[in-house]
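Listed here are the chains, written in short residue letters.
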Amino acid sequence: MQKNISYDDIMAMEKQQRVHFANSLVGFKSVCLVGTQNNENLTNLAIIDSFIHIGSNPPLFGMIFRPGVVERHTLENILQTNFYTVNHINPTIFKQAHQTSARYNRAVSEFDVTGLTTEYKKDFFAPFVKESAIQLALEFKEKVDLKINNTVLIIGEIKEVYFPSECLHDDGFIDIEKANTITCSGLDSYHKTIQLDRLSYAKPDKEITSLLQN
């Protein structure tokens, strides 16, 4: 039996129930760890589930932040230094990754409290997560204030990408499942994935075929 929930029903929910409900509706999401440090070299690590592709030429990616009334160390560090890393999460570190969502004091590094390891590459200012198989280095490019709900869209440009060599296909596709990248739903549910297929480019006059058969 199908259930119906209206806008009024959603707005009448208790706050935490509404948050869980709304966050679950978008389905499976990209979830990653964002590594930053400030000008005093204090490192920060935060789990983010709003990492989205903006464009490929140049390679741009976005993240949504809610400034609100509490300190947002990741957002502040990005705006202060212009550099940050995005690190894929795998089954061996997802509990540590989840713990980074706790509100620690600015002087406390989530790297330290979770046992995850900082890693620096090619003199890039922000730290990577050593335990992550796929690591992206980004430079801040644009901040967009969304007035509708007082959130901020941060857009960054890819500067470096690190990943297991066996994950790269000849056509440029990165097999993130081979790197054990996981996904999430809602705010606290983590999932492994199973690839069903890769399909050919859809055209009106051409039948779709499996790319895995080639």
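Above: the structure in question.
As the structure is a prediction and not an experimental result, all values here were calculated from the model. (Residues numbered from 1 in each chain as written. Predicted model: local features only at pLDDT ≥ 70, side-chain atom pairs only at ≥ 80, totals over all residues. Heavy atoms only, no water.)

*Asks:* Just to check I follow, could you spell out unusual backbone geometry for this structure?
*Replies:* Negative phi is the rule for most residues except glycine; trans is the rule for most peptide bonds. Going from Asn 57 to Pro 58, the amide bond is cis rather than trans, its omega being 5°. Relative to the elements of secondary structure, Pro 58 occurs in the loop between strand S4 (52–56) and strand S5 (59–65). In the Ramachandran plot, Asn 41 falls in the positive-phi region, its phi being about 65° despite a non-glycine side chain. Counting through the fold element by element, Asn 41 comes out in the loop between strand S2 (32–37) and strand S3 (43–48). Unusually for a residue other than glycine, Asn 180 sits at a positive phi of about 65°. Among the structural elements, Asn 180 can be located in the loop between strand S10 (151–162) and strand S11 (183–185). The partly exposed category is assigned to Asn 180, whose relative accessible area is 48%. (Helix = DSSP H or I, 4+ residues; strand = E, 2+ residues; numbered from the N terminus. Buried < 20%, exposed > 50% of the residue type's maximum accessible area, 1.4 Å probe, protein only.)

*Asks:* What should I look at first to understand the sheet that holds strand S12 (residues 189–191) in this one?
*Replies:* Within a sheet, adjacent strands bond to each other through the backbone by hydrogen bonds, running parallel or antiparallel. If you trace the 3 strands from one edge of the open sheet to the other, you get S1-S11-S12, paired in antiparallel fashion. Unpaired on one side and paired on the other, strand S1 (29–30) and S12 mark the two borders of the sheet. Bridge count between S11 and S12: 3 bridges; the pairing is antiparallel. Residue Cys 184 lies in a different strand from S12, and its bridge partner there is Tyr 190. (Pairing = 2+ DSSP bridges.)

*Asks:* What's the story with empty space enclosed by the protein in this structure? I'm lost.
*Replies:* Which parts of space are left empty comes out when a probe the size of a water molecule is rolled across the atoms. Summed over the entire model, instances satisfying the criterion amount to 1 cavity of 30 Å³ or more. Considered as a void within the structure, the largest cavity measures approximately 40 Å³ in volume. Lining of the largest cavity is provided by Asn 38, Leu 42, Thr 43, Asn 44, His 73, Asn 77 and Arg 106. Among the secondary structure elements, those contributing two or more residues to the lining of the largest cavity are S3 and helix H3 (73–81). Along the lines of polarity and charge, the residues of the lining of the largest cavity split into 1 nonpolar, 5 polar and 1 charged. (1 Å grid on protein atoms, 1.4 Å probe; cavity = no way out; pocket = protein on both sides within 12 Å on 5 of 7 lines; lining within 4 Å. Points joined across faces, edges and corners; volume = space filled by probe spheres on them. Nonpolar A, V, L, I, M, F, W, Y, C, P; charged D, E, K, R; others polar.)

*Asks:* Can you help me understand the sheet that holds strand S6 (residues 83–88) in this one?
*Replies:* As summarised here, the arrangement of the 7 strands in space is S3-S2-S6-S9-S10-S5-S4, forming an open sheet in which the pairing is antiparallel. The sheet is open, and its two edges are formed by S3 and S4, each paired on a single side. Here the average twist between neighbouring strands, direction ignored, is 35°. Direction of pairing for S2 relative to S3: antiparallel, over a ladder of 6 bridges. In the strand pairing of S3, Leu 33 is matched with Ile 47. (Axes fitted to C-alpha atoms, helices over the stretch in contact; angles between N-to-C directions.)

*Asks:* Would you take a moment to explain the environment of Phe 140 for this structure?
*Replies:* Turning to its location among the elements, Phe 140 is positioned in strand S9 (residues 135–146). Sequence spacing of Phe 140 and Val 34 is 106 residues, and the spatial spacing of their C-alpha atoms is 13 Å.

*Asks:* Just to check I follow, could you spell out the pattern of salt bridges for this structure?
*Replies:* Opposite charge on two side chains lets them pair, provided their charged atoms get close. For the structure shown, the criterion picks out 10 salt bridges. One salt bridge connects Glu 76 with Arg 106, and the closest N-O pair in it is separated by 2.7 Å. Here Glu 76, found in helix H3, pairs with Arg 106, found in the loop between helix H4 (94–99) and helix H5 (110–114); they are 30 residues apart in sequence, far enough to count as distant. Here Glu 139 and Lys 141 are joined by a salt bridge, their closest N and O atoms 4.0 Å apart. (Salt bridge = Lys/Arg side-chain N within 4 Å of Asp/Glu carboxyl O.)

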